[in-house]
Amino acid sequence: MSTARQSQQHFYDAMSYFDEMFDHDLSVRPHYEAVNRLFSRLKPSDLALRQHALEQRMMEEGITFTLYAPDQQDPLERTIPFDYIPRVIPHHEWEMIDQGIRQRVKALNAFTFDIYHSQNIIASGIIPRRMVVGNRYYRPEMAGLQVPYNAYMTTTGIDLIRDEKGRYYVLEDNLRSPSGFSYLFKGRTLMSELFHDLYLSCSVQNIEHSLNVFLGSLRALAPHGKRDPLIVLLTPGSFNSAYYEHTFLAQQMGLHLVEGRDLVYKDHKIYLKDLRGLRQVDVIYRRIDDEYLDPLAFHPDSLLGVPGLMNAYRAGNVAIANAPGTGVADDKAIYAYVPDMIRFYLGEEPILHNVPTYILAREEDREYALAHLDELVVKETSLSGGYGMLIGPTATSQELEQFAAAIRANPDRYIAQTTMMLSRAPVMKGDAMTPRHIDLRAFSLMGQDLHVIPGGLTRVAMKEGSLIVNSSQGGGVKDTWVLCR
Amino acid sequence: MLNRNAEALFWVGRYMERAENHARLLDVHYHVQQEGLAEDAKEVQQGRKWARIVDALGSRQAYEQQYGASYTEADVLHYVTLDRDHPNSLVCCVNYARGNLRTLREKVPSEMWDVVNGFYLWLREQRQEELQHGSPHEFYQRIKEWAALFLGTSQSVMPRENEWHFIECGRYLERSENTLRILLSIRNACMDEALDTSSGGYAYLQAVLKSVSGYQAFRRYYADNIAIESINEFLVLHPAFPRSVYFAMHQMEDHLRGIGFQDAQLRAAHGKIIRQAGKTIAELSCLEREDLAGDPGGEIVAGLLHASQVLGEAFAKTFFRMGEASA
């Protein structure tokens, strides 16, 4: 078994955490052999050349996201930090993840259906009513509504992490409008073109087919089984930080990229205003939140949505993906109940486990958490993207006090979790590998069938020691390879 | 204009188009790999892939004379790209185009010579090792950029006279032949690999679309229906897609009509070749999707390819009178 070249020159710490590429004794894990072979062979000058080519391509193709900071006058347009050492997942490990994601998404979808219909899970006393109806993402408008194939969540992104033993855990479920598809597909293109030698020497599961499945899932939603549906991607506009992703998906799948003002409601239908006049829209893949969809139904000040959209939706003349109200299932407090959902709806034991979670609305949980705040991670249930988070072990005493006060004031709004030792993978810094914490966003696509994109998006906390992988907080990405065998 | 000038212009158009097509085909096929195959099966499949590229862009016989019977990535890339002994290689195409333009320098705007000369000088410096060691994608991207520079320059500076129409006739005739050759190679690939569209087959069909920059356009018309029948229909019959056979043939006919002659005898011959092009287009227009789908032997595509070749010969006979000197 080979050992990393870097280990002879630099200290590489594979001891403190689970490392994806190296075992504790710095031997290379078998599924990383090819990667190690290539990177041991490349000279620093080669690495610099490839790094340069990579950055150039990302700039030229405009693979960027926009960062809004309060102290900045002009928003920053950044290319996402992309590390070119791929994350490799062995075949058998992926089989397990694939099964686990399917199981979880099925249960979450069944839960959403149940909540908007007979609410059996509440009647059975498994989830308290107030956690559901008091949830800010619960949409009473959706009650009793029929969704095609009962597929509420056309797209999901489930975030997975690994602990110090390499066991996988679900960190959170993103069921509203998960983003990251473009980095996943674009990252693969860049890697297969700039690291063609490595890519072609490994048998990597193809992901291109998944885009076709994505489009197929959207088409399947078309009301009345229309054969050639008009599908639009509804974006908040070019100022949105994920606008690159919206343009990418629209381009790759041949969708019309529209803003709210391009659509109009008439006679319980939604129309696209284009040069040929009004054309009826059948499916809306929306990348805006529920409350902005329709100013008549939700947020009256919203300029992003389409007045009347919910009427057309209720009349069954247009499909929306993901369906409004799926947020009820990805709330951080509901998260704690997902294992119970899996048992309740599917009668199975969860394949992927939750991170141990304390529900602060419960008194005993709250007392424990307040006493151990410096060991826990606290999250505000309704926020995402790494905002509103306290990481106990690294927080200052002032931050700890602030959160303790906030939890006492509004216990329902917070959960606490055991601090997980996120696994690490090497990134290239200059010409040496250095470990960084990572997670994995696994995407599923639901139409008539359920499909999990092989690999997903590996997110990297680019700052040394940091546990925050969100791109809005300086996180980067890696291409993720699932081996065929 | 002299006959030989006309012929040289016609071939400038053809060679530049051919160079671009080589680059597109190689770039995309280089990156296709079929997943889930065992190591040795993968090697066999790779060998077949490279052999098909030789089929599409050259001849197996000539290849095997020089490189032997094994079709490896390094050999085939060299044969098709930088081999100066292979008349159909990229470097030879550009060299011929440059040679032709050299004889036409007083007849075409000097910018066009500058571009082709620069292209050739750059290509001459390229080495096989660097091509493979660096990024083949970047390399072929550069080729496409040079070709686009030539196209853009001619578009913006050439007077729309006979010279222009000859170049464009060459370009579009070449384009329709290339698209048809790609279609034949799909058919062969399907026979070889018994492709199904679930995994490896899908990657291959998608690669075909990308090689003609047709992926995004195809999506707009056929959505998620990536299947051989739809791709056949799209690449043969689509009226708006600029690399379809239908589009290329129509463009060629337009430019053919644009050529003007004083001489009565030439005018008669000109009329004849226009009618011949019209006949091919009429046949094309009568094709239905079902005809193409029910063509597993590829007779229709082969027939169209033959018709294109006959048109090329007719060009030579009508305008150049000396047979195809530089096919």
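Residues numbered from 1 in each chain as written. Chains lettered and ligands numbered in written order. Predicted model: local features only at pLDDT ≥ 70, side-chain atom pairs only at ≥ 80, totals over all residues. Heavy atoms only, no water.

An unreviewed UniProt entry annotates chain B as Alpha-E domain-containing protein of Paenibacillus sabuli.

Looking at an unreviewed UniProt entry, chain A carries the name Circularly permuted type 2 ATP-grasp protein, with the source organism given as Paenibacillus sabuli.

A. Quick peek at helix H12 (residues 228–237) of chain B. Counting buried residues in H12 of chain B gives eight out of ten residues, a clear majority hidden from the surface. Turning to H12 of chain B, its buried residues number three or more, namely Ser230, Ile231, Asn232, Glu233, Phe234, Leu235, Val236 and Leu237 of chain B. (Buried < 20%, exposed > 50% of the residue type's maximum accessible area, 1.4 Å probe, protein only. Helix = DSSP H or I, 4+ residues; strand = E, 2+ residues; numbered from the N terminus.)

B. Up close: the sheet that holds strand S17 (residues 414–418) of chain A. Residues and elements named next belong to chain A. Spatially, S14-S17-S15-S16 is the arrangement adopted by the four strands of the open sheet, whose pairing is antiparallel. Strands with a single pairing partner mark the edges of an open sheet, and in this sheet they are strand S14 (357–359) and strand S16 (389–391). Here the average twist between neighbouring strands, direction ignored, is 20 degrees. Both strand S15 (residues 376–380) and S16 contribute to a ladder of three bridges, which runs antiparallel. (Pairing = 2+ DSSP bridges. Axes fitted to C-alpha atoms, helices over the stretch in contact; angles between N-to-C directions.)

C. Representation of the state of the cysteines within the structure. Residue and element names in this part refer to chain B. Under the definition given, this model contains zero disulfides over all chains. Here Cys92 stays free of any disulfide, with the sulfur of Cys93 as its closest cysteine sulfur at 7.3 Å. Overall, Cys92 belongs to the buried group, its relative accessible area being 7%. (Disulfide = S-S within 2.5 Å.)

D. Here's a closer look at the sheet that holds strand S10 (residues 277–280) of chain A. All names here are of chain A. As summarised here, the arrangement of the three strands in space is S8-S9-S10, forming an open sheet in which the pairing is antiparallel. The open sheet has two edge strands with one neighbour each: strand S8 (263–266) and S10. For this sheet the average axis-to-axis angle between neighbouring strands, irrespective of direction, equals 40 degrees. Inspection of the sheet shows S8 paired to strand S9 (residues 269–274) by four bridges, in the antiparallel sense. Looking at the pairing, Tyr265 lines up with Ile270 of S9.

E. Expanded view of the interface of chain A and chain B. Taken residue by residue, the interface counts 29 residues in chain A and 29 residues in chain B. Both sides together, the interface formed by chain A and chain B hides about 2400 Å², and carbon and sulfur atoms give 44% of it. Ranking the residues of chain A by area buried against chain B places His196, Leu200 and Asn212 of chain A at the top, with a combined share of 23%. Scanning the region where chain A abuts chain B turns up two salt bridges. Measuring nitrogen to oxygen at the nearest pair gives 3.1 Å for the salt bridge that ties Arg219 of chain A to Asp224 of chain B. On inspection of chain A and its partner chain B, the count reaches eight residue pairs in polar contact (both at pLDDT 80 or more). For the side of chain A that touches chain B, the secondary structure elements donating two or more residues are helix H3 (44–60), helix H7 (181–194), helix H8 (196–201), helix H9 (208–220) and helix H10 (243–253) of chain A. Broken down by element, the residue count for the side of chain A that touches chain B peaks at seven residues, all from H9 of chain A. Of the residues that constitute the side of chain A that touches chain B, the class distribution is ten nonpolar, twelve polar and seven charged. (Contact = heavy atoms within 4.5 Å. Buried area = accessible area lost by both parts, 1.4 Å probe. Salt bridge = Lys/Arg side-chain N within 4 Å of Asp/Glu carboxyl O. Polar contact = N/O pair within 3.5 Å; in protein donor to acceptor, adjacent residues only side chain to side chain. Nonpolar A, V, L, I, M, F, W, Y, C, P; charged D, E, K, R; others polar.)

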